[in-house]
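# Coordinate inspection notes
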Amino acid sequence: HYSVATLKCYECLAVGDCNKVEKQCPASSSRCEAMKVTSYVGSTKASEVNLKSCSESEHCIEGSINFGISRTVITSKCCSSDLCNTQSPILSIPNGKKCYTCNAKSCQLTLNCEGSEDHCISTSVTLGGQKMTMKGCASKRICANTNNKQLFENIGADLSCCQGNYCNGAGSTSAGLLLLVAPLIPLMIFS
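Each value, and the rule that gives it
Residues numbered from 1 in each chain as written. Predicted model: local features only at pLDDT ≥ 70, side-chain atom pairs only at ≥ 80, totals over all residues. Heavy atoms only, no water. UniProt positions renumbered as here; feature names shortened; annotations may be inferred. Helix = DSSP H or I, 4+ residues; strand = E, 2+ residues; numbered from the N terminus. Buried < 20%, exposed > 50% of the residue type's maximum accessible area, 1.4 Å probe, protein only. Contact = heavy atoms within 4.5 Å. Areas by Shrake-Rupley, 256 points an atom, 1.4 Å probe, with all protein chains shown as cover. Phe/Tyr/Trp six-rings, centres within 6.5 Å; stacked < 30°, edge-to-face > 60°.

Looking at an unreviewed UniProt entry, one finds the protein named UPAR/Ly6 domain-containing protein and attributed to Takifugu rubripes. The annotation that UniProt attaches to the protein under Subcellular location (unreviewed entry) is "Secreted".

## Regarding the overall build of the protein
What the protein contains, in helices and strands, is four helices and twelve strands. Within the protein, the proportion of its 191 residues that are buried is 43%. Long-range contacts, defined here as pairs at least 24 residues apart, represent 64% of the contacts in the protein between residues at least 6 apart. Here the protein displays about 9,600 Å² of accessible surface, and carbon together with sulfur accounts for 54% of that area.

## Thoughts on the packing of aromatic side chains
The description of an aromatic ring pair uses the distance of the two centres, along with the angle that the planes make with each other. Evaluated as defined, the whole model comprises one aromatic pair. Ring plane angle 50 degrees and centroid distance 4.8 Å describe the contact between Y100 and Y166, whose orientation is recorded as tilted. Here Y166 lies in the loop between β12 (157-162) and α3 (178-181) and Y100 lies in strand β8 (residues 94-101), a separation of 66 residues in the sequence. A relative accessible area of 19% places Y100 in the buried class. Exposure remark for Y166: the relative accessible area of 29% places this residue in the partly exposed category.

## Regarding the environment of C99
In this fold, C99 is placed in strand β8. C-alpha of C99 to C-alpha of Y166: the two residues are 67 residues apart in sequence and 4.4 Å apart in space. Non-local contacts of C99, meaning those with residues more than four positions away in its chain, are made with L109, T110, L111, C113, H119, C120, G136, C137, Y166 and N168.

Printed below as a string of C-alpha cells:
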C-alpha cells in the first residue's frame, strides 16, 4: 500500500502577505493559485486581499477583470509545483485598450484596460426587480471560461464579452445598487 504524493500549496486569505500556511492538496488539485483582489476608490487603493490555495486546473484562470466601479481589479496566477504560489500577481500598466464602464449615473465612462485585459465585458443582473449593469475590461481567459458563464447564469445575470475598443457600449442602464454588490462579484467568479 502506497500513497501518491499530492501537490502542496500555500493557503490563506489575508490582507497583505501570507506565505505561512502550507496545505497538502486533495488529489483533484493540480495547481496552486495566487489571487489578489484590489479595490480602489477614485485613484486611492482602498483594500487589497491576497488569496492563496490549491486549485483544480479548470478553475484556475490566469488573467484579470476590472469593472471600474469604484474599481475592483482581480488578478490571478497559477502554477504547478510544490509551494510555488509565493508571489502575488502584479497589477499591470494600461495596455491601450478602452472599454465602457459604469457609475451610478451612466455607463458611458471610459475605462483604460490593463495588462492582459483584451476584451470588454458587460453583465447585467436583476436585484429586487431593478436591472443593474456592470461594464469593464477582462482577460480573454475570463471571458472564455464556461464556469464563469454558468456562475453568472446561476445568480441571474448575463455575461457578454467582445473585442474592440468601446464594443460594450450598447444599452445605458444605470449601475444603481450595483456599487454595493460589485466588490463581491469577483470573489464569486474565482471561487
